[in-house]
Amino acid sequence: MNPLSEIRARFSTTLSGMVDDSDNLLSMIRPAGDSEFGDYQANCAMPLGKQLGRSPREIASEICETVQLDGLCQKIEIAGPGFINLTIDDDWLKSGLTAALADDRLGVDRVSKPKTFVIDYSSPNVAKPMHVGHVRSTFIGDAISKVLRFVGHTAISDNHLGDWGTQFGMIIYGYKHFLDEAAYRQEPVAELGRLYKYVRKLMDYHAAVKRVPELEASLDELKRKQADLESTDSPGDKKAEKQLKKQLRQLKTKIEDQAEAVAGLKAKILEVDGDPDLVKDALAHPNINQNAQLETAALHEGDATNQGLWEEFLPLCRQDMQKIYDRLDIKFDYELGESFYHSELANVVSDLTDKGFTKESDGAICVFLDNHNAPMIIQKRDGAYLYSTTDLATIKYRMEKWNADACLYVVDHRQSEHFEKLFDVARLWGFDEVELAHVAFGTVMGPDGKPYKTRSGDTVGLSGLLDEAESRALEIATSQNPELTEERHREIANVIGIGGLKYADLSHNRGSDYEFNYEKMLALRGNTATYLQYSYARVQGILRRTEADVDSIRANPGEFLFENEVERQLGLKLIRFGEALDEVLVEYKPNVLCNYLFELSQLFAQFFDKCSVKDANSEDLKQSRLQLCDLTARTIRRGLELLGIGVLDKM
RNA sequence: GCCCCGAUAGCUCAGCUGGAUAGAGCAAUUGACUUCUAAUCAAUAGGUCGCAGGUUCGAAUCCUGCUCGGGGUGCCA
């Protein structure tokens, strides 16, 4: 039992005797903001005083008299307007640590009411290279799944692959017209990738050729407007003046954006124009955009040739994608892609229609919702279905198959409106018991504060990103410890490179955008995976140098001794691992666990500095310190494992 | 137009279901390696929590307005 839930349990009895609903008050018991005030503080006397019309300090002392904290807290003080400051009893702490030492779960309880969670994350489009944008969903989803499982829930991870989309129409079109058979026989995946990129290029070319004149016309129009506004006489009154300036500013950014877009499109045209083969193919395939779309439509309608090609391509693409997941050590329980649901889509629409929830509008079948202006369209005018339809079919399947208590969607925050609508429709449809949550995350930014792109403006490919992280890590590992073998260096580089990447992502609040930076990610100091991994390696160093036998430490523990204040702090932090995990799951925020592990490692570094294990004054103290070391190492290792990050005994 | 999100130290970010003197890392300055890994630790300095109001014992946190920035916005995913 972690101290916070223990304290809350004790307060619960007292508070429920004073008010009807004590849950809110219990949540006001929290870790102390300042260690001067003790370990925990209960702030519930102030609001309670108000509610009961009495002095908060009076209430506080009444609470203190009745609450049973014997054996749990050694000091209870009332301070300021009515704060109740609590200090955990050293004996309680020591017995908790002793129990954790012998426990594979480090003293973390399993939840009393396990639930079934379905977690939808990663979800890339197969046949398109994975890029930096997939990183966050993959890491965050994986970490949440692992924490859920560790605390005792059932977590079903499901990679909702985009395996039925327009990219297959493009590849099929490419296969039919541009295939290099020898290359396909030798390296099918590479050839399919080439075909995808090739068709993409030609499609972009035609789209750009068409779009540039339109954009340029609109750009001229904007510039005219700008000139008009600039030559407008000053309106005299301040408000109008301000309005005018604002309009001009907005126009200016719009002009800049469009000019940039035109330049980008022109670059794409030039790229094709500069290559005679590309020009030839571009001219020979003027309707490639429409025709690729037709290939997709044919696939969806069950065309035998396209179906056959799709069945041939899909396993190849998935195999290729699997390489990335293997490097990241990410596994899924299920990988039910969009194609898995395609036969159900018509039923979704007809069922919703039968129940009277749909309405036809401009030929499309829609579900209108009270709190949204735009409806959710579930079938297009041309009869095709949309991702909203697939998502609804997916919810139905997950409920029927797993009877989920909660479905978590770890998806980019830009899709929040889609999920609001989706969840509303699902509830309308009858799935109103399940918790449906969009675990949204922000964008990975480049050093310019814009979404992370390569210098040429393309998205950053994931496999290249991993290569770069590992090669930089290799350089660091080699220069730090030149005496190790190259094989060891590579192993270290893998663990700190991939770990650094994951930690950089997970340590940010998932809702925020963050700036991607290799240097910071792998920095030798600061709040990085390396720092945590180094702490772990230092413990292992101590255990080696003292020739400690961890099995016997765990089996025959001595008393924990707090000779130095930092030893008590470290012990308290260790016993609070479960609190951190609970906190992660309140809002599905892995950064809470990162913070905990960083603070734990900082305390260990202080302990390392001040409290020698090898040269402890007595055997008892040495034993106690070894126990703290062992617990620290196991907590860091377990915590990092839940984040999907590895550790090393030496680095 | 409408909707959503953000603005915290020079930089990158925590903190946000209201709590005590706003935190960390980096960068800067200073000190500590014959020592269990210095990939470390100790210390100094750095702030009008975008602006203006409001709510209250108490506001970075909640409410309103404004400024600036980002995103979304019926037939892409």
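About the cut-offs
- Residues numbered from 1 in each chain as written.
- Chains lettered and ligands numbered in written order.
- Predicted model: local features only at pLDDT ≥ 70, side-chain atom pairs only at ≥ 80, totals over all residues.
- Heavy atoms only, no water.
- Domains from an automatic or database assignment.
- Core = buried A, V, L, I, M, F, W, Y, C linked by side-chain atoms within 4.5 Å.
- Buried < 20%, exposed > 50% of the residue type's maximum accessible area, 1.4 Å probe, protein only.
- Contact = heavy atoms within 4.5 Å.
- Phe/Tyr/Trp six-rings, centres within 6.5 Å; stacked < 30°, edge-to-face > 60°.
- Helix = DSSP H or I, 4+ residues; strand = E, 2+ residues; numbered from the N terminus.
- Lys NZ or Arg CZ within 6 Å of the ring centre and 35° of its normal.
- Near = heavy atom within 4 Å.
- Polar contact = N/O pair within 3.5 Å; in protein donor to acceptor, adjacent residues only side chain to side chain.
- 1 Å grid on protein atoms, 1.4 Å probe; cavity = no way out; pocket = protein on both sides within 12 Å on 5 of 7 lines; lining within 4 Å.
- Points joined across faces, edges and corners; volume = space filled by probe spheres on them.
- Nonpolar A, V, L, I, M, F, W, Y, C, P; charged D, E, K, R; others polar.
- Expected span 1.5 Å × (residues − 1).
- Pairing = 2+ DSSP bridges.
- Axes fitted to C-alpha atoms, helices over the stretch in contact; angles between N-to-C directions.
- Patch = residues over 30% accessible without salt bridge, like charges linked within 9 Å, V, L, I, M, F, W, Y side chains within 5 Å.
- Areas by Shrake-Rupley, 256 points an atom, 1.4 Å probe, with all protein chains shown as cover.
- Salt bridge = Lys/Arg side-chain N within 4 Å of Asp/Glu carboxyl O.
- Lys, Arg positive; Asp, Glu negative; His and termini not counted.
- Charge placed at Lys NZ, Arg CZ, Asp CG, Glu CD.

A. Structural context of the domain arrangement of chain A. Here the domain parsing of chain A yields domain 1 (3–88), domain 2 (166–311) and domain 3 (464–642). Placing a centre on the C-alpha atoms of domain 2 and another on those of domain 3 gives a separation of 48 Å.

B. Region of interest: the nonpolar core. In terms of nonpolar packing, the biggest core is built from 159 residues, with Phe-11, Leu-465 and Leu-593 touching the most fellow members. The residues touching Leu-593, leaving out its near neighbours within four places in the chain, are Val-147, Phe-577, Leu-581, Val-584, Gly-639, Leu-642 and Leu-643. Val-118, Tyr-341, Met-376 and Leu-422 belong to the second largest nonpolar core, which has 30 residues in total.

C. Region of the structure containing the packing of aromatic side chains. With the rule as written, the count across this model stands at 25 aromatic pairs. Between Phe-150 and Phe-577, the aromatic rings sit 6.3 Å apart at their centres with planes inclined by 50°, giving tilted as the arrangement. With Phe-150 in helix α6 (residues 133–150) and Phe-577 in helix α23 (residues 577–586), the pair connects residues that are 427 residues apart, well separated along the chain. Take Phe-150: its relative accessible area is 7%, and that puts it in the buried class. Aromatic rings pair up to connect Tyr-334, Phe-340, Tyr-341, Tyr-397 and Trp-402 into one cluster. Over the ring of Phe-562 we find Lys-94, and its NZ or CZ is 5.2 Å from the ring centre. Its guanidinium or amino end placed over the ring of Tyr-198, Arg-194 lies 5.8 Å from that ring's centre, counting from NZ or CZ.

D. Representation of the protein's contact with RNA strand B. Near RNA strand B lie 65 residues; those nearest to it are Asn-85, Arg-249, Pro-375, Lys-380 and Tyr-534. Between RNA strand B and the protein, one listed contact pairs a base nitrogen with a side-chain N or O atom of Asn-85 at 2.3 Å. The side chain of Gln-480 places a nitrogen or oxygen atom 3.4 Å from a phosphate oxygen of RNA strand B. Contributions of two or more residues to the surface near RNA strand B are made by α3 (45–52), β4 (83–88), β13 (514–515), α20 (529–545) and α24 (591–610).

E. Structural detail: the layout of surface pockets. Put simply, the second largest pocket is a space of about 1300 Å³. Together, 45 residues line the second largest pocket, and Leu-4, Pro-31, Arg-576, Glu-579 and Ala-580 are the ones closest to its centre. Contributions of two or more residues to the lining of the second largest pocket are made by α1 (3–16), β1 (29–31), α22 (565–575), α23 and α24. Ranked by residue count, the leading element in the lining of the second largest pocket is α24, at 7 residues. Its residues placed into classes, the lining of the second largest pocket shows 17 nonpolar, 12 polar and 16 charged. Both domains that furnish three or more residues to the lining of the second largest pocket are identified here as domain 1 (3–88) and domain 3 (464–642).

F. Region of interest: the environment of Gln-480. The residue Gln-480 is located in helix α17 (residues 462–480) in this model. Once the C-alpha coordinates of Gln-480 and Met-651 are considered, the two residues, 171 residues apart in sequence, prove to be 8.5 Å apart.

G. Fine view of helix α15 (residues 387–402). In this model, α15 (16 residues) spans 22 Å end to end at C-alpha, consistent with the 22 Å of a helix rising 1.5 Å per residue. All of the buried residues in α15 are Ser-388, Thr-389, Thr-390, Asp-391, Leu-392, Ala-393, Thr-394, Ile-395, Arg-398, Met-399 and Trp-402. Just downstream of α15 lies Asn-403, where phi reads positive at about 50°.

H. Just the sheet that holds strand β11 (residues 435–441), in detail. On the basis of which strands lie adjacent, the open sheet formed by 4 strands has the order β6-β5-β10-β11 and parallel pairing. Two strands in the sheet have a free side with no partner beyond their single neighbour: β6 (154–158) and β11. Neighbouring strand axes in the sheet, compared pairwise and without regard to direction, differ in orientation by 20° on average. Across the sheet, helix α16 (residues 416–429) is in contact with β10 (406–412) and β11; its angle to β11 comes to roughly 175°.

I. Looking closely at the sheet that holds strand β3 (residues 73–79). Taken together, 4 strands build an open sheet; the order of strands is β1-β2-β4-β3 and the sheet is antiparallel. Either end of the sheet is taken by a strand with one partner, and the two such strands are β1 and β3. Within this sheet the neighbouring strands show an average axis-to-axis angle of 25°, counted without direction. As paired elements, strand β2 (residues 40–42) and β4 share 3 bridges and run antiparallel to each other. Pairing of Tyr-40 across the sheet is with Leu-86, part of β4.

J. Molecular detail of a positive patch on the surface. A cluster of basic residues, Arg-544, Arg-545, Lys-614 and Lys-650, forms a positive patch at the surface. For Lys-650, the location among the structural elements is in the segment after α25 (619–642). Given the relative accessible area of 43%, Lys-650 is considered partly exposed.

K. Examining the environment of Thr-358 more closely. As for its placement among the helices and strands, Thr-358 is situated in the loop between α14 (345–354) and β7 (359–361). The spacing of Thr-358 and Asp-582 is 224 residues in sequence and 41 Å in space, taken between C-alpha atoms. Sequence-distant contacts of Thr-358, defined by excluding residues within four places in its chain, comprise Leu-352, Thr-353, Ile-365, Cys-366, Val-367 and Ile-378. Looking at Thr-358, its side chain comes within polar contact range of the side chain of Thr-353, at 3.0 Å.

L. Looking closely at the environment of Phe-431. Along the chain, Phe-431 turns up in the loop between α16 and β11. Classification of Phe-431 as buried rests on a relative accessible area of 16%. Setting aside residues up to four positions removed in sequence, Phe-431 forms contacts with Ile-395, Lys-396, Met-399 and Ala-426.

M. Representation of unusual backbone geometry in the model. Backbone geometry at Leu-106 places phi at a positive 55°, although glycine is not the residue there. As for its position among the elements, Leu-106 is in the loop between α5 (90–101) and β5 (116–120). Its relative accessible area of 6% is what places Leu-106 among the buried residues. If you check the backbone angles, Ala-127 has positive phi at about 75° while not being a glycine. Among the secondary structure elements, Ala-127 is positioned in the loop between β5 and α6. Note on Ala-127: relative accessible area 16%, which makes it buried.

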